[in-house]
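Here's the letter readout for the chains.
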Amino acid sequence: MVDIFISHARGDLPRVQPIIEALEALGLTLFINLDGADGDAASVAQTDAALRSAKAVLCFWSPRYFFFGWCVTECRAALGRDAMVAVRLRAYEPSTPPEDLRGHAPFDLADWAGEADHWGWRATLAALSERVGRDLTAPAAPARDAGPLGGFAAIDTVFDQERSRMASAAERVAKIFAEAPGHIFRDPLKDGGEGPALCVIPAGRFQMGSPEDEPGRSPSDGPLRQVILRQPFALGRLAVTFEEYDAFCAATGRAPPPDCGWGRGKRPVINVSWADAQAYCAWLGKQAQAPYRLPS
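Since we're looking at a predicted model, the values are computed, not measured. (Residues numbered from 1 in each chain as written. Predicted model: local features only at pLDDT ≥ 70, side-chain atom pairs only at ≥ 80, totals over all residues. Heavy atoms only, no water.)

Draft legend 1. Structural detail: the pattern of salt bridges. Counted by the stated rule, this structure contains 11 salt bridges. Salt-bridge contacts for Asp12 lead to Arg90; the nearest nitrogen and oxygen are separated by 3.1 Å. Linking Asp12 in the loop between strand 1 (4-7) and helix 1 (13-25) with Arg90 in the loop between strand 4 (84-88) and strand 5 (107-108), this pair joins segments that are 78 residues apart in sequence. Look at Asp12 and you get buried, because its relative accessible area is 0%. With a relative accessible area of 34%, Arg90 lands in the partly exposed category. Across the pair Asp82 and Arg131 runs a salt bridge, and its minimum N-O distance is 3.6 Å. Taken as a pair, Asp82 in the loop between helix 4 (69-80) and strand 4 and Arg131 in helix 5 (residues 119-132) lie far apart in primary sequence, 49 residues in all. For Asp82, a relative accessible area of 34% gives the class partly exposed. Among the charged side chains, a network of salt bridges with common partners joins Asp12, Arg64 and Arg90. (Salt bridge = Lys/Arg side-chain N within 4 Å of Asp/Glu carboxyl O. Helix = DSSP H or I, 4+ residues; strand = E, 2+ residues; numbered from the N terminus. Buried < 20%, exposed > 50% of the residue type's maximum accessible area, 1.4 Å probe, protein only.)

Draft legend 2. Looking closely at the sheet that holds strand 4. Taken in spatial order, the five strands line up as 2-1-3-4-5 in an open sheet, and their pairing is parallel. Each having just a single partner strand, strand 2 (30-32) and strand 5 make up the two edges of the open sheet. The pairing of strand 3 (residues 56-61) with strand 4 spans five bridges and is parallel. When the bridges of strand 4 are listed, Val57 appears paired with Met84. (Pairing = 2+ DSSP bridges.)

Draft legend 3. Structural context of the pairing of strand 1. With burial as the criterion, each face of strand 1 is covered, one bearing Ile4 and Ile6 and the other bearing Phe5 and Ser7. Handedness of the crossover joining strand 1 and strand 2 through helix 1: right-handed. With four bridges joining them, strand 1 and strand 3 adopt parallel strand pairing. Bridge pairing links Ile6 to Leu58 in strand 3. (Right-handed = clockwise from strand over helix to strand, strands pointing away.)

Draft legend 4. Molecular detail of unusual backbone geometry. Between Gly222 and the following residue, Pro223, the backbone shows a cis peptide bond with an omega angle of 0 degrees. With respect to the helices and strands, Pro223 occurs in the loop between strand 8 (204-208) and strand 9 (225-229). Backbone geometry at Cys260 places phi at a positive 55 degrees, although glycine is not the residue there. Look at Cys260 and you get exposed, because its relative accessible area is 55%. At Asn271, a residue that is not glycine, the phi angle is positive and equals roughly 60 degrees.

Draft legend 5. Main features of the nonpolar core. Ile4, Ile6, Ile19, Leu23, Leu58, Phe60 and Leu128 are the most contacted members of the largest nonpolar core, which has 24 residues in total. Looking at this core, the elements with two or more residues in it are strand 1, helix 1, strand 3, strand 4 and helix 5. Counting residues per element, this core draws most heavily on helix 5, at six residues. Apart from the residues lying within four places of it in its own chain, the contact partners of Phe60 are Ile6, Ser7, His8, Val16, Ile19, Tyr65, Val87 and Leu89. If you look at the next biggest cluster of nonpolar residues, it comprises 21 residues, including Ala50, Val57, Met84 and Tyr92. (Core = buried A, V, L, I, M, F, W, Y, C linked by side-chain atoms within 4.5 Å. Contact = heavy atoms within 4.5 Å.)

Draft legend 6. Structural context of the side chain of Thr124. Along the chain, the position of Thr124 falls in helix 5. Within the structure, Thr124 has its side chain in polar contact with the backbone oxygen of Gly120 (distance 2.7 Å). Every residue in contact with Thr124, bar those within four places of it in the chain, is listed here: Leu58, Val85, Val87, Phe107 and Leu109. (Polar contact = N/O pair within 3.5 Å; in protein donor to acceptor, adjacent residues only side chain to side chain.)

Draft legend 7. Molecular detail of the state of the cysteines. Under the definition given, this model contains zero disulfides. In this structure Cys71 is a free cysteine whose sulfur lies 8.8 Å from that of Cys59, the closest cysteine sulfur available. For Cys71, a relative accessible area of 0% corresponds to the buried category. A disulfide-free cysteine, Cys75 has its sulfur positioned 3.7 Å from the sulfur of Cys59, the nearest such atom. Accessibility expressed as a relative area gives 0% for Cys75, which makes it buried. (Disulfide = S-S within 2.5 Å.)

So, in structure tokens, the structure goes:
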């Protein structure tokens, strides 16, 4: 049984390859479908067996990915057995994924360039860890050269600092999520101040949708299905305000959005695109040293 099935569009392979190499460096066994839907019968059978048995299926979402039906089929097959881990490889419009996949927010690796502390990468490894059955987020010890090169004390110091930072962050997250559901908190920001107010949502399950015989039901209200939240998470308590978004603009040199005469401060920010919102989340994640993303 392989650890991870790599589901990607062939045209994206140059961008996927560094991620494959990083996963292999962690000792993971991968199945990479290089033939797509064009392989012979034996190749198709091998791919299907790997797709059904892999501990996790890593789906590299991009405009190309959603263009090919076989990519989407692989994604749905993984989703059906809770093996899917989706990452955003390239930007696409929110309406690009099929409707049944739009509710699954991918981890953002569009700007990942091999950084071990990239929050999209850390979140991806955490999701894969849950499925492959071992922790992939702990930094590996540096390889040592037996020769008299020196410098190992400095290298060890860097890794010790990284371990300490990760342990502190993990302890903070564990403490927050140990609080009662509905607990409100704010992350401190690296450059000063605090992030938006967040509310703890506990792990659990609920029914989404409505039964077909419900009076006044519309087609978009279904299907009725059970949704499982395997881990607690935190959700913004209120809409992002002009005050919060203007701080991001000032820090990154962006032009602040117009308020159309309604006022700024604590009012909900307006005139912000999906790409703007993604950039805000990425900046907030780096400032708070925690993964932030849009709810959907």
